[in-house]
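Each chain, written out:
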Amino acid sequence: MDAYTIFAEIYDEFMGNIPYEKWCDNIHGILSDNGIDGGIVAELGCGTGTVTRLMSDKGYEMIGIDNSEDMLSAAGEENDGSILYLLQDMRELELYGTVAAVISLCDSMNYLVNDGELEAVLRKANLYLEKGGLFIFDMKTAYCYESILADSVQYEYNEECALIWENHFDKESSMHTYELTIFMACDEGDDGGPLYERFLETHFQRAYSVDEVKRAIDSSGMELVGIIDADTLSEPSDTSQRLYYIVRETYQDNKYYMES
């Protein structure tokens, strides 16, 4: 699971098309429908903290968790002190107490590319959830990787930087590769125009089938509450691009509860 490095510096600037507010409204609605209107919520893969801050605004006590120092540094710049940020790998999650819910958005869970990692994160979530707590996470679907992103090339630019985003999906391995080429203004040339420095980053994500996720949930001991299309909030279809998985905490022999 590669950490974001130079991309963290421009992430928010180039991710303005992501409907964070809509996503947070969706998650808040699901939590409220299940009796979770407040309490501590941990976000796995919080990145620059946009979702963490929006959920904090809805009244939750937020913990933002990410394995990228650069992303957390950007998140910290917007923190008024109300949010606790932790530098951790979600596969090795360690919290100071139990939480009412765990959430993970923007396909952070797709970065779990190796066998057994999804189950490991689910087990960690189950360990730190309060009785009856929920773990809600989204995942891009195989349809999205294969038919929407496919082998496309996307680019965005402004006066300060440019981003080229190359997509490659291998159907046999269910692996999607993002090749990021970033040009950032670093100096002024002889003609008065900017000089640019080039940076390269490679990110890997895995397309999980619904059956694979269900097996991981079963193996972790957690209880599947539901699966819905993240865009329509209805039953998934063959053309769903992103799914919400709603999973409930279950008691296990090795589980312990701590005061939140």
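Bear in mind that the values here come from a model prediction, so they are computed numbers and not experimental data.

J.: Honestly, unusual backbone geometry in this entry has me stumped. Any pointers?
T.: Trans peptide bonds make up the majority, and among non-glycine residues the majority have a negative phi. Even without being a glycine, Asp107 presents a positive backbone phi close to 50 degrees. Structurally, Asp107 is set in the loop between strand S4 (99–104) and helix H5 (117–128). Asp107 gets classed as buried once you look at its relative accessible area, which sits at 5%.

J.: Explain the side chain of Arg242 here, please?
T.: Along the chain, the position of Arg242 falls in strand S11 (residues 242–248). A residue is classified by how much of its surface remains accessible, and Arg242, at 12% relative accessible area, is buried. Within the structure, Arg242 has its side chain in polar contact with the side chain of Asp107 (distance 3.1 Å). Among the polar contacts listed, one links the side chain of Arg242 to the side chain of Asp138, at a separation of 3.1 Å. Not counting residues up to four positions away in its chain, the partners in contact with Arg242 are Trp23, Cys106, Asp107, Asp138, Met139, Lys140, Thr141, Ile228, Asp229 and Ala230.

J.: What is the right way to look at the packing of H5 against helix H7 (residues 210–220) in this model?
T.: For the pair H5 and H7, the least separation of the axes is 8 Å and the interaxial angle reads 45 degrees. Here H5 lies oblique to H7, going by the angle between them. For the element pair H5 and H7, the recorded crossing hand is right-handed. Contacts between H5 and H7 involve Leu118, Glu119, Leu122 and Arg123 from the first element and Val213, Ala216, Ile217, Ser219 and Ser220 from the second.

J.: For this particular structure, what's the right way to read the environment of Asp151?
T.: Here Asp151 shows up in the loop between helix H6 (142–149) and strand S6 (153–157). Ignoring sequence-local partners within four residues, the contact set of Asp151 consists of Asn167, His168 and Phe169.

J.: Explanation requested: the packing of aromatic side chains in the structure shown.
T.: Here the distance between the centres and the angle between the planes together describe a pair of aromatic rings. Under the definition given, this model contains five aromatic pairs. Taken together, a centroid distance of 5.3 Å and an interplanar angle of 20 degrees make the contact between Phe137 and Tyr245 stacked. With Phe137 in strand S5 (residues 129–140) and Tyr245 in strand S11, this pair connects stretches of sequence that are 108 residues apart. There is no split in this pair, since Phe137 and Tyr245 are both buried. Ring plane angle 10 degrees and centroid distance 5.9 Å describe the contact between Tyr145 and Phe169, whose orientation is recorded as stacked. Placement of the pair is Tyr145 in helix H6 and Phe169 in strand S7 (residues 161–170), with a sequence separation of 24 residues. On the basis of relative accessibility, which here comes to 0%, the residue Tyr145 falls in the buried class. For Phe169, a relative accessible area of 17% translates into the label buried. Every member of this aromatic cluster is reached through a ring pair, and the members are Phe135, Phe137 and Tyr245.

Scoring rules and cut-offs
- Residues numbered from 1 in each chain as written.
- Predicted model: local features only at pLDDT ≥ 70, side-chain atom pairs only at ≥ 80, totals over all residues.
- Heavy atoms only, no water.
- Helix = DSSP H or I, 4+ residues; strand = E, 2+ residues; numbered from the N terminus.
- Buried < 20%, exposed > 50% of the residue type's maximum accessible area, 1.4 Å probe, protein only.
- Polar contact = N/O pair within 3.5 Å; in protein donor to acceptor, adjacent residues only side chain to side chain.
- Contact = heavy atoms within 4.5 Å.
- Axes fitted to C-alpha atoms, helices over the stretch in contact; angles between N-to-C directions.
- Parallel < 35°, antiparallel > 145°, perpendicular 65-115°, else oblique.
- Left-handed = near helix turned anticlockwise from the far one by under 90°.
- Phe/Tyr/Trp six-rings, centres within 6.5 Å; stacked < 30°, edge-to-face > 60°.

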